[in-house]
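Architecture and fold: a report
Chain by chain, the residues:
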Amino acid sequence: MLNVPPQAFPAPSSQQRAAAGGRAKVPLKPGRSLMDWIRLTKSGKDMTGLKGRLIEVTEDELAKHNKKEDCWICIRGFVYNVTPYMEYHPGGEDELMKAAGTDGTDLFDQVHRWVNYESMLKECLVGRMAVKPITAPKEITSVSEEKKQLNGMLPKKKVPCTSSKDLTPSYDWFQTDSLITIAVYTKQKGMNADSVILDCEDKRLRGEIIVDDYSYLLEVDLNHAVQEDVAVNIAEKVGKVEIILKKKDNVHWKILGQPLENHNTFMKRTDRGLFYRKCKLVSKTEVTHDTKLFCLLLPESTHLRVPTGQHVYLKQIIAGTEVVKPYTPVLPFLPLDFQEPSCHDSAHIYLMIKIYPCGLFTQALDHLQIGDYISVSSPEGSFKKSQVQTSEELFLLAAGTGFTPMVKLLNFALTEVSCLRTVKLIFFNRTEDDILWRNQLEQLALKDERFEVQFILSQPVRDWVGKQGMISSSLLSEFVKRSRKDSKVLICICGPTPFTEQGVQYLKDLGYSQEEVHPFTA
Ligand code: FAD
Ligand code: NAP
């Protein structure tokens, strides 16, 4: 019998999603929702057939369990009997069967990186792979060499990707009577406030510096207490980031503190587990009949800005299971004067969220009271502002809450991209009542001659005189047109997965290149 260490549940990098961020790829049978799965796992039923025993599984043994009626999968060295989960899997049984009887770690990471399978499948745990896992657990550089006090520059950690070795940041720290300053040298130009994510709770400091697709982490148990308000200074030209902490007591620090597990590591962003901090719900206002604007307050000791085009994950415990869903922060309103870069309110995160009558996560969100706390992750996403910076014409195709990434994008494009001649939003909704921020969009179109908005309804009621229909090749050829043959265009698209996938295909058929189309996905 195998004694699985309790700290594996949940793993440090635990992430989860319940469905593919929207409509399930494969329609689930009635009674097979995530909530139904949670209920089943709590029913006391023996999910593994081993009556709670944990075993060591050899590769040969794993390979035997490769059928729908008897399916085991290894993820990061742990083996799960996913047979009872088959019908509940939002991606469908065939997707799950691709990993049947094998190590599904890579497959899982490609599709479900943020799913907290440890929590979701904990009742299905069969045990650990014998001898060694087929795929090693994700990189966590050994800390043994650093189990010593921090007293200045430390040796660089191993960098997982050799090509990025030259870019490995380093750090130093110094102090005055009242301040501690930690200086991180990234050797990268163009670092900005979005590149730094800082959390400091009690004496625990976590500073993540984003360098392109990589992340450098400082993680220290500070030697003495600091005040809550932290400051971040960035010298953009030389890529130096300064983290400034105010001492609580004006004592001399002999050392910065004790390094924590992932301190001084530099790795691909996607290989680092999501980090969450608790944010307070400060307001909840109606946008439409089913959509609300949630305003969350970040802790005072957190520095976090969600870059344009990126999303965060919210985490709630629902019926004893951690559930995680992605949401794309918006602005509190659509600025109508885009002449000056707007001054960003960096203390709050605004989320525009549709509450689905049967939605597991959104129903729980809607029941949060003002003053309640919810866990919010650091930002993620593949969109890069540089995609817009070189464009002359920007087309935004949004369906329903697929409008959310377009909000900051509009703000950025109209404020900061001088070469943009036109920005056109084509907004698909069911009915007039579903259109988010319709007034604001119409006002913006009146105010800024570069901006145009076109509403298209799939199920109009009353006397809708506007355009009607679903996304189609003919509709796109009507609304998405280069004004000049050689115009540089960018087309961003976001909505239900099939909407986005169809849109991308139609645009390809219409002759737009892959670089000219950016689909927002999870
Ligand atoms: P579930 O319990 O998963 O579904 C219950 C029922 O609700 C479903 O059977 C279906 O009938 C209906 N339903 C649920 N989701 C959808 C859907 N997406 N489309 C149509 N019907 C659905 N949502 C926002 O409101 N605002 C955002 O800013 C936002 N940003 C996102 C960013 C990304 C990158 C992704 C991938 C998704 C985003 N979503 C956003 C969707 C969000 O993550 C959830 O999928 C959504 O809130 C539903 O969660 P739920 O648990 O309440 O519904
Ligand atoms: P919705 O109200 O269900 O639909 C909005 C419009 O899209 C309607 O006109 C609808 O037409 C149409 N539509 C829906 N499904 C379609 C399909 N399969 N093919 C073509 N058109 C379709 O939308 P919603 O409930 O707000 O959902 C918004 C979606 O955006 C969610 O799935 C969410 O996950 C996603 N989203 C993604 C991101 C991201 O960054 N990836 C961000 C925010 C939101 P009919 O329903 O009348 O057919």
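In what follows, the structure referred to is the one given above.
Keep in mind that this is a model prediction, so the values were computed, not measured.

1. Overview of the overall build of the chain
- Helix and strand counts for the chain come out as eleven helices and 28 strands.
- Buried positions account for 52% of the 522 residues belonging to the chain.
- Long-range contacts, defined as pairs at least 24 residues apart, comprise 73% of the intrachain contacts of the chain with a sequence gap of at least 6.
- Only carbon and sulfur atoms are counted for the fraction: they give 50% of the accessible area of the chain, which is about 24900 Å².

2. Some points on the pattern of salt bridges
- For the coordinates displayed, the defined rule picks out 25 salt bridges.
- A salt bridge links Glu-432 to Arg-438; the nearest nitrogen and oxygen atoms lie 2.8 Å apart.
- Here Glu-442 and Arg-438 are joined by a salt bridge, their closest N and O atoms 3.1 Å apart. Here Arg-438 and Glu-442 lie together in helix H9 (residues 438–447), a separation of four residues that amounts to about one turn.

3. Some points on the pairing of strand S9 (residues 204–211)
- In terms of burial, S9 is a largely internal element, seven of the eight residues being buried.
- In terms of strand pairing, strand S8 (residues 196–201) meets S9 through six bridges, oriented antiparallel. Paired with Ile-197 across the strands is Glu-208, a residue of S9.
- Linking S8 back to S9 in an antiparallel pair, the connection comprises two residues, with Asp-202 at a positive phi of about 55 degrees.
- As judged from the eight bridges shared by S9 and strand S10 (residues 214–222), these two strands associate in the antiparallel manner. Looking at S10, one finds that Arg-206 is bridged to Glu-219.

4. Digging into the pairing of strand S4 (residues 78–81)
- Here S4 shows two buried faces, one formed by Phe-78 and Tyr-80 and the other by Val-79 and Asn-81.
- Pairing of strand S3 (residues 70–75) with S4 involves four bridges; the strand directions are antiparallel. Bridge assignment links Cys-74 to a residue of S4, and that residue is Val-79.
- Hairpin connection of S3 to S4: two residues between the antiparallel strands, including Arg-76 at a positive phi of 50 degrees.
- Relative to strand S5 (residues 125–129), S4 runs antiparallel, the two being bridged by three bridges. Each residue of the ladder has a partner; that of Phe-78, found in S5, is Arg-128.

Conventions adopted
Residues numbered from 1 in each chain as written. Chains lettered and ligands numbered in written order. Predicted model: local features only at pLDDT ≥ 70, side-chain atom pairs only at ≥ 80, totals over all residues. Heavy atoms only, no water. Helix = DSSP H or I, 4+ residues; strand = E, 2+ residues; numbered from the N terminus. Buried < 20%, exposed > 50% of the residue type's maximum accessible area, 1.4 Å probe, protein only. Contact = heavy atoms within 4.5 Å. Areas by Shrake-Rupley, 256 points an atom, 1.4 Å probe, with all protein chains shown as cover. Salt bridge = Lys/Arg side-chain N within 4 Å of Asp/Glu carboxyl O. Pairing = 2+ DSSP bridges.

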